[in-house]
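# Notes for the structure review
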Amino acid sequence: MPDRPGPRARTRPRPRRRPRHRSPLDPPPSFRAVRAVFLTLLTGFVLLPVHVMVTSSLKPLGEVSGRFRWFPGRLTVRPYLDIWHTVPLAEYFVNSLIVAGAATVCSVVIAVFAAYAVSRYRFRGRRLFTVTVLSTQMFPGILFLLPLFLIFVNIGNSTGVALYGSRGGLILTYLTFSLPFSVWMLIGYFDSVPRELDEAATVDGCGPLGALFRVVIPAAVPGIVAVAVYAFMTAWGEVLFASVMTNDTTRTLAVGLRGYSTQNDVYWNQIMAASLVVSIPVVTGFLLLQRYLVAGLTAGAVK
């Protein structure tokens, strides 16, 4: 007897998808379109000078000096080889590394101790010290050029310590700019670190310095990295004080790039090539420390 077919399985109707309601916080489609166009234009505006620098550094001098072209007619890497012989670029590179590195280390070390003292202790003149440190950022740097020059010359004449024209004098000069901002920024960052961590370290037998090195500094690494990046970039690209406070043996990269311009000609392709080469340390360090830099700036700015 043949099997009878069973009852048909009832198919459940598919639930209809409810239309997604737009949140009041979602931007309208017109805003998204305008944002996309604006970001595209901004990206092109930022990358256009970089494109001109790269293409100009790969052109022969005659092509760079002639009619402007967006792309080189003949590629050459000769400018990247000639930049080391036209001017002593390697010597300038070493001077910049020493000056910027020493200024960064000194700025970070001094700022850590000063900011920790202001953040954790209450003493007379604390608010005045904070306001004074912050107010130094209100004045343009050119106002300090002549006073620092006279101070360095007088110190050299009276004590024999040659600060003018030396790397040490340039390091002290850069500390006058990077140190106030570093102290002020680390004060805000240390204030965001809970004081209970210091108390727990004290219970475990740590003194003030032990709590600073074992608890506070590990918790404040993003802020310290942000301060270090700021100090290094300030010293690496400074031109005004480096052109006055240095001589032929202590000249830095920011000033040494002027050597590619002579009375007879301007080596534009070598200037572009040297500019790209000297920007590699700063760009590389920024990309490697970007997440720490962003975390340090945001955490130090908001309590």
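Here's what I pulled together on the structure shown here. (Residues numbered from 1 in each chain as written. Predicted model: local features only at pLDDT ≥ 70, side-chain atom pairs only at ≥ 80, totals over all residues. Heavy atoms only, no water.)

### Let's talk about the pattern of salt bridges
This is how it is decided: Take a side-chain nitrogen of Lys or Arg and a carboxyl oxygen of Asp or Glu: if they are within 4 Å of each other, that pair is a salt bridge. To qualify as a helix, a DSSP run of H or I must reach at least 4 residues; to qualify as a strand, a run of E must reach at least 2; elements of each kind are numbered from the N terminus.
Within the structure shown, the criterion is met by 1 salt bridge. Residues Arg 78 and Asp 82 are paired through a salt bridge, measuring 3.2 Å at the closest nitrogen-oxygen approach. With a gap of 4 residues between them, Arg 78 and Asp 82 both fall in helix H3 (residues 78-86), about one helical turn apart.

### Considering the nonpolar core
Keep this limit in mind: Put simply, buried Ala, Val, Leu, Ile, Met, Phe, Trp, Tyr and Cys residues joined by side-chain atoms within 4.5 Å make one nonpolar core. For every residue, the accessible area (1.4 Å probe, protein chains only) is compared with the maximum for its type, and the residue is labelled buried under 20%, exposed over 50%, or partly exposed between those bounds.
Of all hydrophobic cores here, the largest spans 33 residues; its most connected members are Ile 83, Leu 89, Tyr 174, Trp 236, Met 245, Leu 253 and Tyr 260. Residue assignment for this core shows that the elements contributing at least two residues are helix H4 (89-120), helix H6 (145-159), helix H7 (167-192), helix H10 (221-236), helix H11 (240-245), helix H12 (253-256) and helix H13 (268-278). Counting 25 residues, the second-largest nonpolar core is a separate cluster that includes Ala 111, Val 118, Val 183 and Tyr 189.

### A short note on the environment of Ser 107
Stated formally: In this analysis, two residues are considered to be in contact whenever any of their non-hydrogen atoms come within 4.5 Å of each other. A 3.5 Å cut-off defines polar contacts: any pair of N or O atoms within that distance qualifies, except that in protein one atom must be a possible hydrogen donor and the other a possible acceptor, and neighbouring residues in sequence count only when both atoms are side-chain atoms.
The residue Ser 107 is located in helix H4 in this model. The exposure class of Ser 107 is buried, given its relative accessible area of 0%. Put simply, Ser 107 and Val 227 are 120 residues apart on the chain and 8.3 Å apart in space, counted from C-alpha to C-alpha. Once residues lying within four places of it in the same chain are set aside, the contact partners of Ser 107 are Leu 175, Ser 178, Leu 179, Ser 182 and Ala 231. A distance of 3.1 Å separates the side chain of Ser 107 from the side chain of Ser 182, its partner in a polar contact.

### A word on the side chain of Thr 104
Along the chain, the position of Thr 104 falls in helix H4. Among the polar contacts listed, one links the side chain of Thr 104 to the backbone oxygen of Ala 100, at a separation of 2.7 Å. Not counting the four nearest positions on each side in its chain, Thr 104 is found in contact with Ala 228, Ala 231 and Phe 232.

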